[in-house]
Amino acid sequence: MALPARNEIDKKYTWDAESVYADVATWEADTEELLKQIEAIGAFKGRLAESATVLADFMDAADSLTRLIAKVYFYAGMSAAVEMDNTQATSMTDQAAGLYGKTMAAVSFLNPELLAIGKDTLKLWMNDEARLATIGHYVDDLFRKQAHVRSAEVEEVLGLAQDPFGSIETSYEMLTTLDLPFPPAVDSDGNEHAVAQSTIDGFKTSSDRELRRSAYESYTGQYLQFKNAITGTYLTAVKRDVFNMRVRGYDSSLEASLFEDN
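Treat the numbers as computed from the prediction; the structure is a model and nothing was measured. (Residues numbered from 1 in each chain as written. Predicted model: local features only at pLDDT ≥ 70, side-chain atom pairs only at ≥ 80, totals over all residues. Heavy atoms only, no water.)

### Topic: the overall build of the protein chain
We apply this condition: The way it works is that DSSP assigns letters per residue, a run of H or I at least four long becomes a helix, a run of E at least two long becomes a strand, and they are numbered from the N terminus. Here the globule rule reads 2.2 Å times residues to the power 0.38, and the radius of gyration is calculated from C-alpha atoms. Burial status follows relative accessibility: with a 1.4 Å probe on protein chains alone, a residue under 20% of its type maximum counts as buried, one over 50% as exposed, and anything between as partly exposed. Each accessible area is a Shrake-Rupley result for a 1.4 Å probe, and residues are judged covered by the shown protein chains and nothing else. Think of it this way: Lys and Arg go in the positive column, Asp and Glu in the negative one, and His and the chain ends go nowhere. Charge coordinates come from a single atom per side chain, which is NZ of Lys, CZ of Arg, CG of Asp or CD of Glu.
Looking only at helices and strands, the protein chain has 12 helices and two strands in total. Starting at the N terminus and walking to the C terminus, you meet the elements of the protein chain as α-α-α-α-α-α-α-α-β-β-α-α-α-α. Since a compact globule built from 262 residues should have a radius of gyration of about 18 Å, the 23 Å found for the protein chain marks it as more spread out than a globular shape. Expressed as lengths along the three principal axes of its C-alpha atoms, the size of the protein chain is roughly 75 × 45 × 30 Å. For the protein chain, the proportion of its 262 residues judged to be buried stands at 38%. Counting only carbon and sulfur atoms, one obtains 53% of the accessible surface of the protein chain, whose full area is about 15400 Å². Positive and negative charge centroids in the protein chain, built from 24 and 42 side chains respectively, lie 5 Å apart.

So, in structure tokens, the structure goes:
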């Protein structure tokens, strides 16, 4: 039994893409708007210490920008996640990833400039400017992480690196979701069942012992067939984590991972 193609599934069982964007053209219009907002937010660089009003204006602009990139990325990413052989969806996801990197780079001067302003001044500004009243936790957490925040220039580079670093997971997902040819599992009656990432969990809990065994061997066997490629993506991910750990001055990748969320 072959798995149905995405376009063969009743629309009521698919995610409601139109609730996010009416169509791809509307999504593309927002990508253009993103580029405009990214360019506009650069006007705040080096100016956040001028006043509470300037900082609040920046925070408003940054909030609008980050909300928009989240929406753009979500729409593209969900489309690709449910149909990874859809070249339009994967192309949109790559485009969104590039925009995400540009967004992170565009706002990267925020933390270094907040640290330069100082916690005491920021607390006064939060009391005086109503639009800054909600950033108290962010400021407290930022000063907790102060030793690991780099200069605005380095933070910008790290922001831009989000896109190529993210391709590690993309390569792994393409391999394991799209390119691994899982042989069908066979149940105790001799019937074949398609093995895929979406079906394997159900087979693992089947009451048919032969189906469980066959599905397990099909699934894990293909992973072993591609163990060298998979190991390569894993080692690249480790190198990425070590790079980030060293750039930010942590003693280990584990510390860097745990420290972020306190």
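### Observations concerning the pattern of salt bridges
Threshold: In the sections that follow, a salt bridge refers to a side-chain nitrogen of Lys or Arg positioned within 4 Å of a carboxyl oxygen of Asp or Glu.
Taken as a whole and assessed by the stated rule, the structure comprises 16 salt bridges. Residue Arg131 is joined to Glu129 by a salt bridge in which the shortest nitrogen-to-oxygen separation is 3.3 Å. Glu169 is the salt-bridge partner of Arg240, the closest N and O atoms lying 2.9 Å from each other. With Arg240 in helix α11 (residues 227-248) and Glu169 in helix α8 (residues 162-179), this residue pair connects regions lying 71 residues apart in the sequence. What you see here is one network of salt bridges that share partners, running through Asp57, Asp60, Glu129 and Arg131.

### Looking at a nonpolar patch on the surface
This is how it is decided: Each patch is built from salt-bridge-free residues with over 30% relative accessible area, joining like charges within 9 Å and nonpolar side chains (Val, Leu, Ile, Met, Phe, Trp, Tyr) within 5 Å.
On the surface, Tyr234, Leu235 and Val238 cluster together to form a nonpolar patch covering roughly 290 Å² of accessible area. Relative to the helices and strands, Tyr234 is located in helix α11.

### With respect to the packing of aromatic side chains
Operational definition: The criterion for an aromatic pair is that two Phe, Tyr or Trp rings (for Trp, the six-membered ring) have centres within 6.5 Å, with stacked assigned to planes under 30 degrees apart, edge-to-face to planes over 60 apart and tilted to the rest. Should the NZ of a Lys or the CZ of an Arg lie within 6 Å of a ring centre and within 35 degrees of the ring normal, that charge is described as sitting over the ring.
In this structure the tally under the stated criterion is 11 aromatic pairs. On the basis of an interplanar angle of 50° and a centroid distance of 5.0 Å, the ring pair of Tyr219 and Tyr223 is categorised as tilted. Residue Tyr219 and its partner Tyr223 are located together in helix α10 (residues 209-225), separated by four residues, close to a single helical turn. Taken together through their ring pairs, the aromatic side chains of Trp15, Tyr21, Phe74 and Tyr75 make up a single cluster. Note that Lys71 overlies the ring of Tyr21, its terminal NZ or CZ placed 4.6 Å from the centroid. Above the plane of the ring of Phe259 lies Arg144, whose end atom (NZ or CZ) is 4.5 Å from the centre.

### A few points about unusual backbone geometry
Positive phi, normally seen in glycine, also occurs at Asn262, with a value near 60°. Looking at the element boundaries, Asn262 is found in the segment after α12 (253-260).

### Concerning the environment of Ala52
In plain terms, the rule: Residue contacts follow a heavy-atom distance rule, with two residues in contact if any of their heavy atoms lie within 4.5 Å.
Of note, Ala52 is situated in helix α2 (residues 52-82). In the structure, Ala52 is positioned 133 residues away from Ala185 in sequence and 64 Å away in space, judged by C-alpha atoms. In contact with Ala52, other than residues within four places in its own chain, are Trp125, Glu129 and Leu132.

It is worth stressing that arrangement in space is one thing and function is another; only the former is reported here.
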